[in-house]
Structure formats: C-alpha cells, structure tokens
Amino acid sequence: KINLTIDHIQVSVDKGATILEAAKKLNIKIPTLCYHEDLCVAGNCRVCVVEQMGSDRLVPSCATPASEGMEILTNSLKVRNARKSVIELLVSEHRAECTRCYKNGVCELQHLSSEYLIGEDGLIDLVALKNYTIDYFSPSIIKDDSKCIRCQRCVRSCDQLQNIGALSVAYKGEKMKIASFFEKPMYEVVCTNCGQCVNRCPTGALIERNYIDEVWSAINNPQKHLVVQTAPAVRIALGEALGMESGNIVTGRMVAALRRLGFDSVLDTDFTADLTIIEEGNELLQRLKGALVDKDPEVKLPMTTSCSPGWIKYIEHMYPQLLPNVSTAKSPQQMFGALVKTYYANKIKVDPEDIVSVSIMPCTAKKYEANRPEMHSSGYKDVDLVLTTRELARMIEQAGIDFKALENEEFDSFMGVSSGAAVIFGATGGVMEAALRTAYEIVTGREVPFDGLNITPVRGMDEVKEAAIKIENPLPEWSFLDGVELKTCVAHGLANAKKVMDSVVNGKAQYHFIEIMACPGGCLGGGGQPIPTNMEIRKRRTEAIYREDEGMPIRKSHENPEVVKLYEEFLKKPLGHKSHELLHTTYTP
Ligand code: HC1
C-alpha cells in the first residue's frame, strides 16, 4: 500500500494507482478531459494538473502514480490558475457556439468553462484562423473539427477498443488535427460507424447524425402510420439519460413514453430477435449437416453472427474472404423493418407506403445499416429512421414528459411479444446463449444442460469466451450430431473480434459458431447509449439485462407464441421461401 495525503486528507492506495484514482477514493473530483476509464492514459490535456507540495511542479494527476508520503493539493491557487489557463486555451481553439451545438448542456468543455468562469476577457479567438472541415457525409456520425480539442479519446477508442485506426493524429503543432485516412469523409474510410468515438468525445466534435426532427415531422403527419421498434439494450439504459441510476430496467416506462410521443404502434425488436434465433439456429444446423453429412466444401464453418452492423462493416473491410462464414440472417432491426411493411401492414390494413418505420437503437451503426442498399426487401426502405437511445431521451425531454413518473405500459401486439432469450441479445454472449437454448432443444428435445437455462460460460466481460456443449442422444432427424461437441466462441469489441478471426484464418480455431458484437460489452455498451459509458456502467446494465430475462414468463425464442403464429400465418417454415425473400441477405466484399 502507498500512503499519501490529498488536500490534507490521508489515503492509502495500491501500488501503481494514480493520484487521480487516489482522489476518487476520497470523493475528490479532479476535472479531466483526455482521460477516460476505458482508455489508456494520454495525459495530453493538462486539465487534471495538481500541486505536489515540496516541488514547484504541477503534475497531471491521471498520469502520475501516487508515491509514499506525497502531499497533493488539488485546488490550490496555483492549480486553479493553471487549470483556468488550459481551459481558456482550449476554448479559444474551439468553435464555442454553444447555444447552437448539439452537445449544448452535455459538453464536458462547456461544463468546465462554466465551473471555472471562463469569460471573454483575454480570450484570443483562434478558431477563425483555422481552416476547419465538417464531415456530414456519414448517415451515422458527424465529425466537426472546429469543435475538436485534440484530446484523442476518439483516436484511442478506435485504435484500442476496436483496432481499426480510422482516426489518427495528423500534422504537428498548431496544425495538429484528428483526421481520417487522407482526410477523406468518414463514410469512405474503414470506419465501422460503431460510434465508440462519439460516446467518448467530450465536446461536439463527434456526434451522432440525429433524425429527431424527421421523426417529429412524421409523427405530425396525419397521413402516416408511425411504427416504432425498440432494441433490447435500450430498455436498460434509457433511464440513465433521463436522470436515473444505471442498472434500472425501464421497459414499461419506455413503452408509455413512446405512446405519449405519438407513435401509433409501439412494438419490439426483441420479437425479431426471437425470429433471428429461429432462422439463424436453423441455418447453423443446416450448415452442420452440409459439412458433416454431405461433406460439401461450399459450406462454411464456423458460422458467425450477423446482427451487429459494425461487425459486418468490419469483416467487409478486414476479412472479406470470410464473408461466406457470416450468417445470412439479417439483423433483428432489419427483419423487423421488412416484416412491418409486408406482414404487419397487411394485418393492420395500412398501405406500406403510409408507414414510417422508426427504430430506437443503442447503436450509431444501425443508422448506416438501415441505409444499406440491401435493406429494401419489402419493396420500400425497410427501416426509415433510426434514433439512438440518446435521441429518444431528448425527444422525451422535448415533449415535457416526466419519465420517472410514468406508469408501466405493455407493447402492442402483434410483434410486441418476446422472450428472455431476446432481451439478452443486448449483452455480449446473449445471442449465443439464446441460440444454444433453442438449437439444443431442437436437436435433442431437451433443455440445455445448464442451471436454469443460464449458460454462464458465455456471460461476462472476458474479452474472448468459449463454451462447448456435447450433443448426446439427439432426436432421430439429427442423429449425425450424436457425440458432436458443439464449440462456440464469443467476442465483444472489434479488437477482440480480430483475435478470434485471426485464429480462424490461420486454422487454429476449431469453432462451429462465433458471436461477434462490435461494441465492448455488446449492444449495452453501444455508441448510441447514454454518456458516460464505462466498465462499471456496462456491468450494471448487464446485470439489468439478465434480471429482465429471469423475470420473463418465456425464456426461449422458439416458445414465443407470436413467432410461432408468424410461421403459421405467413412464413410457413424457417429458411423457407418467404424467409429468404425478407429475412436473409448476403454481403459482398
Ligand atoms: Fe443490438 Fe440486435 S442486440 S444488434 O446489439 O441483434 O444495436 O440492443 O437491436 O438488430 O435485437 C443493437 C441491441 C439490437 C439487432 C437485436
């Protein structure tokens, strides 16, 4: 243990802890900008400087280890003056049109500027001297260099969490900026639209492209029937953006709020998450038969999941030779969109032309996915507008709804009923667990041999997780699987996906099925989720997801009565003609 004092209060910390961490232990808040719990220390903004007594140096608290006997002052006059100068400099280089900024009210620089009473006196306006660019071309992310403070949280997110490097530091000195490859639009480089940079950007330099006004216009158009679907991970995080603690399940309040906002049908992406399990599970079994019985060299294993659009964009860029390994099942968002403008439109007797299909997602890449040319199988754009969890929270605020006071309401049916297996899609390992609950039962007629359906080896925050299930005494139709050990792997965050895919490429991996989610923790840690998102918050959201699953009356996708009915009335059978037309796709390198 290391003993030191901070603002004259004694504290002990483990060796290696920083001054910032020691201060946190005492509930002393030291302001930070470049620092983020998820990322390596950069120590470049100098906002977190503190005074070390007995030395005339100010040291960055995020990058300085605590040492025995240290006496630290976090708020001395010297510290305040230095900090104020740093903030003034940052503001002078920042296009501080705060009232017109999307991050107004939630900008970390704005908060610091307010706390430190940064006025116009003495500020040099350096913004005008620079030739800034604003990149509006991506359907997911807007990059505005005039608001960048060069803290490099985005660079580190893209590099460390995702191993992509779509953003890097370019030029030196006063010309230094955060740039994409050859300063091309984000839309044209290897960016996967995951939004991890957006989630960590302290200012308005990287924001989601928002479609709030488009949704309000549609709501106010009496000709239009507004259908909304909500992703699994929104219900356990939306409350955070509306003043609640992390880890609250707000499904019922969210449904009530969506009705108050004016959506005509409030439905659930979880319904098509269950459907995805049926289609994808059957595809896996078909591939296993093709490989093990027919010995067809065209059948590719391992099969990977396909529901995370950041992952799809990543594999298209990085491992195009493995695209045949990706399940052809569309994501639940897109299955939902295709069904809404065909089956559902017919059911409610509304012309699909008059339906506006909106989805609420924890993800910025979902905006990109909905805009892909493949996603028009209904004959229309299957999903018209995608909002993030943060955008929905803003609409709820705009409408003056007291979210905490809302009574729980139920989703509409049809396409509103779901299972616990669907809700866990939002956590890393959830798709795998949901798939195994169903596939094992299809093959053996028995429940998975785990405690209460909880397949714990695929749960949790380990970077790469593996689980194997031995199939014994299958039903006669599946006798070729008798004794087969089904080997699965789960990775979250694209840096971890890379490790798994490299092992597939070099032949070391012997998996049958791999789940990849682009974001750390799975969708619950998505780029469109409330800010801040960090490890502690991801853990609380994860616990909430599994609580929601445990509390559901149905916990297996194939037992969802509405999905069963959808097959009876419309699709007829998994992987059938209608399914192929509406629910499956292929991606080309
Ligand atoms: Fe996800 Fe999915 S789980 S991809 O993480 O398969 O975004 O939540 O909606 O489509 O269902 C995201 C979440 C989400 C899809 C589902």
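As the structure is a prediction and not an experimental result, all values here were calculated from the model.

1. A closer look at the overall build of the protein chain
Okay, so step 1: Within the protein chain one finds 18 helices and 18 strands.
Okay, so step 2: For the protein chain, whose C-alpha radius of gyration is 25 Å, the value lies close to the compact-globule estimate of 25 Å for 589 residues.
Okay, so step 3: The C-alpha extent of the protein chain, read off along each of the three principal axes, is 80 × 55 × 50 Å.
Okay, so step 4: Buried residues in the protein chain amount to 49% of all 589 residues.
Okay, so step 5: For the protein chain, contacts bridging at least 24 residues in sequence account for 73% of all contacts bridging at least 6.

2. Points about the site of the ligand
Okay, so step 1: In the vicinity of the ligand lie 20 residues, with Ala231, Ala233, Cys307, Cys363 and Cys523 positioned nearest.
Okay, so step 2: At the level of elements, helix 8 (269–292) and helix 10 (332–348) are the ones that each hand at least two residues to the shell around the ligand.
Okay, so step 3: Grouping the amino acids of the shell around the ligand by side-chain chemistry returns 12 nonpolar, seven polar and one charged.

3. Focus: the domain arrangement of the protein chain
Okay, so step 1: Looking at the assigned domains, one finds that the protein chain contains domain 1 (2–75), domain 2 (90–208), domain 3 (212–271 + 333–405) and domain 4 (279–330 + 421–528 + 549–582).
Okay, so step 2: Computed from C-alpha atoms alone, the centre-to-centre distance between domain 1 and domain 3 is 44 Å.

4. Observations concerning the packing of helix 2 (residues 77–92) against helix 3 (residues 108–115)
A pair of packed helices is characterised by two quantities: the angle between their axes and the separation of those axes.
Okay, so step 1: Across the interface, helix 2 lies against helix 3 with an axial gap of 10 Å and an inter-helix angle of 130°. Between helix 2 and helix 3, the crossing angle belongs to the class labelled oblique. Handedness of the helix 2/helix 3 crossing: left-handed. In contact with Ile87, Leu90 and Val91 of helix 2, helix 3 contributes Leu109, Leu112 and Ser113.
Okay, so step 2: In terms of residue class, the contact of helix 2 with helix 3 is made up of five nonpolar, one polar and no charged.

5. A word on the nonpolar core
Soluble, globular proteins show a tendency: their nonpolar side chains are buried together.
Okay, so step 1: Ranked by size, the top nonpolar core spans 156 residues in total, and within it Val228 and Leu238 carry the most contacts.
Okay, so step 2: Take this core: its biggest share by element is eight residues, from helix 14 (residues 430–444).
Okay, so step 3: When sequence neighbours within four positions are dropped, the list of residues in contact with Leu238 reads Val250, Met254, Thr389, Leu392 and Ala393.

6. So, the environment of Ala96
Okay, so step 1: Within the secondary structure, Ala96 sits in the loop between helix 2 and helix 3.
Okay, so step 2: Overall, the presence of 23 C-beta atoms within 10 Å leaves Ala96 in the buried class.
Okay, so step 3: It is 9.7 Å that separates the C-alpha atoms of Ala96 and Gly204, two residues lying 108 residues apart in sequence.

7. A short note on helix 9 (residues 309–318)
Okay, so step 1: With respect to burial, helix 9 is a largely interior element, seven of its 10 residues being buried.
Okay, so step 2: Every buried residue of helix 9 is listed here: Pro309, Gly310, Trp311, Ile312, Lys313, Tyr314 and Ile315.
Okay, so step 3: Tucked inside the fold, the buried residues of helix 9 contact helix 11 (365–370), helix 15 (494–505) and strand 18 (513–517).

8. Concerning the environment of Glu68
Okay, so step 1: Locating Glu68 in the fold gives a position in the loop between strand 4 (58–60) and strand 5 (71–73).
Okay, so step 2: In the structure, Glu68 is positioned 56 residues away from Ser12 in sequence and 9.1 Å away in space, judged by C-alpha atoms.
Okay, so step 3: Excluding residues that lie within four positions of it along the chain, Glu68 makes contacts with Ile2 and Asn3.

9. Here we look at the sheet that holds strand 18
Okay, so step 1: Strand order in this open sheet of four strands is 13-18-17-16, and the pairing throughout is mixed. Of all the strands in the sheet, just strand 13 (303–304) and strand 16 (464–470) have a single pairing partner and so form its edges.
Okay, so step 2: Strands in contact with helix 15 are strand 16, strand 17 (485–492) and strand 18; relative to strand 17, the strand with the most contacts, it is inclined by about 145°.

10. Let's talk about the sheet that holds strand 10 (residues 206–208)
Okay, so step 1: Strand order in this open sheet of three strands is 6-7-10, and the pairing throughout is antiparallel. Edge strands, defined here as strands with exactly one partner in the open sheet, are strand 6 (134–135) and strand 10.
Okay, so step 2: In terms of strand pairing, strand 6 meets strand 7 (residues 141–144) through two bridges, oriented antiparallel. Opposite Asp135, over in strand 7, you have Lys143 as the bridge partner.

11. Let's talk about the pairing of strand 16
Okay, so step 1: Every second residue of strand 16 is oriented toward a common face, the buried set being Lys465, Ala467 and Ile469 and the non-buried set Val464, Glu466, Ala468 and Lys470.
Okay, so step 2: Summarising the sheet, strand 16 and strand 17 pair through seven bridges and their orientation is antiparallel. Across the sheet, Lys465 pairs through a bridge with Val490, a residue of strand 17.

12. Description of the packing of helix 8 against helix 17 (residues 561–571)
Okay, so step 1: At a minimum axis separation of 9 Å, helix 8 and helix 17 run at an interaxial angle of 60°. Taken as axis vectors, helix 8 and helix 17 run oblique relative to one another. Considering the relative orientation of helix 8 and helix 17, their crossing is right-handed. For the pair helix 8 and helix 17, the contacting residues are Phe271, Asp274, Leu275 and Ile278 in the first and Glu562, Val563 and Leu566 in the second.

13. Remarks on unusual backbone geometry
Okay, so step 1: Put simply, Ser413 and Phe414 share a cis peptide bond, and its omega is 5°.
Okay, so step 2: Residue position: Phe414 is located in the loop between helix 12 (389–398) and helix 13 (420–423).
Okay, so step 3: With an omega of 5°, the peptide bond running from Ile531 to Pro532 counts as cis.
Okay, so step 4: Turning to its location among the elements, Pro532 is positioned in the loop between strand 18 and helix 16 (535–550).
Okay, so step 5: The phi torsion at Met415 lies on the positive side, around 75°, for a residue other than glycine.
Okay, so step 6: Looking at the element boundaries, Met415 is found in the loop between helix 12 and helix 13.
Okay, so step 7: Not every positive phi belongs to a glycine, and Lys572 is a case in point at roughly 70°.
Okay, so step 8: By the element assignment, Lys572 lies in the loop between helix 17 and helix 18 (577–582).

Conventions we followed
Here the residue index of a chain counts from 1 through its sequence in written order. Totals for whole chains, interfaces and linings use all residues, but because this is a predicted model, local features are given only for residues with pLDDT of at least 70 and pairs of side-chain atoms are given and counted only at 80 or more. Secondary structure counts use DSSP, requiring at least four H or I residues in a row for a helix and at least two E residues in a row for a strand, with both numbered from the N terminus. C-alpha atoms define the radius of gyration, and 2.2 Å times the number of residues to the power 0.38 defines the globule rule. Residues with at least 20 neighbouring C-beta atoms inside 10 Å of their own are called buried, those with 12 or fewer are called exposed, and the rest are partly exposed, where every C-beta is derived from the backbone. Note on contacts: each residue gets a C-beta atom placed from the backbone, and two residues are in contact if those atoms are within 7 Å. We call a residue near a molecule or strand if the C-beta atom, set from the backbone, is within 6 Å of it. For this classification, Asp, Glu, Lys and Arg are treated as charged, while Ala, Val, Leu, Ile, Met, Phe, Trp, Tyr, Cys and Pro are nonpolar and the rest, including Gly, are polar. Where each domain begins and ends follows an automated or database-derived domain assignment. Note on definitions: angles span 0 to 180 degrees between N-to-C directions of axes, and those axes are lines fitted to C-alpha atoms, for helices only across the stretch in contact. Every angle not falling under 35 degrees, over 145, or within 65 to 115 is termed oblique; those three ranges are roughly parallel, roughly antiparallel and roughly perpendicular. Definitions for this section: a left-handed crossing has its near helix turned counterclockwise from the far helix by less than a right angle. A right-handed crossing has that turn clockwise. Note on definitions: a nonpolar core is a set of buried residues drawn from Ala, Val, Leu, Ile, Met, Phe, Trp, Tyr and Cys, linked by C-beta atoms within 7 Å. Two strands pair under a simple rule: DSSP has to find at least two bridges between them.

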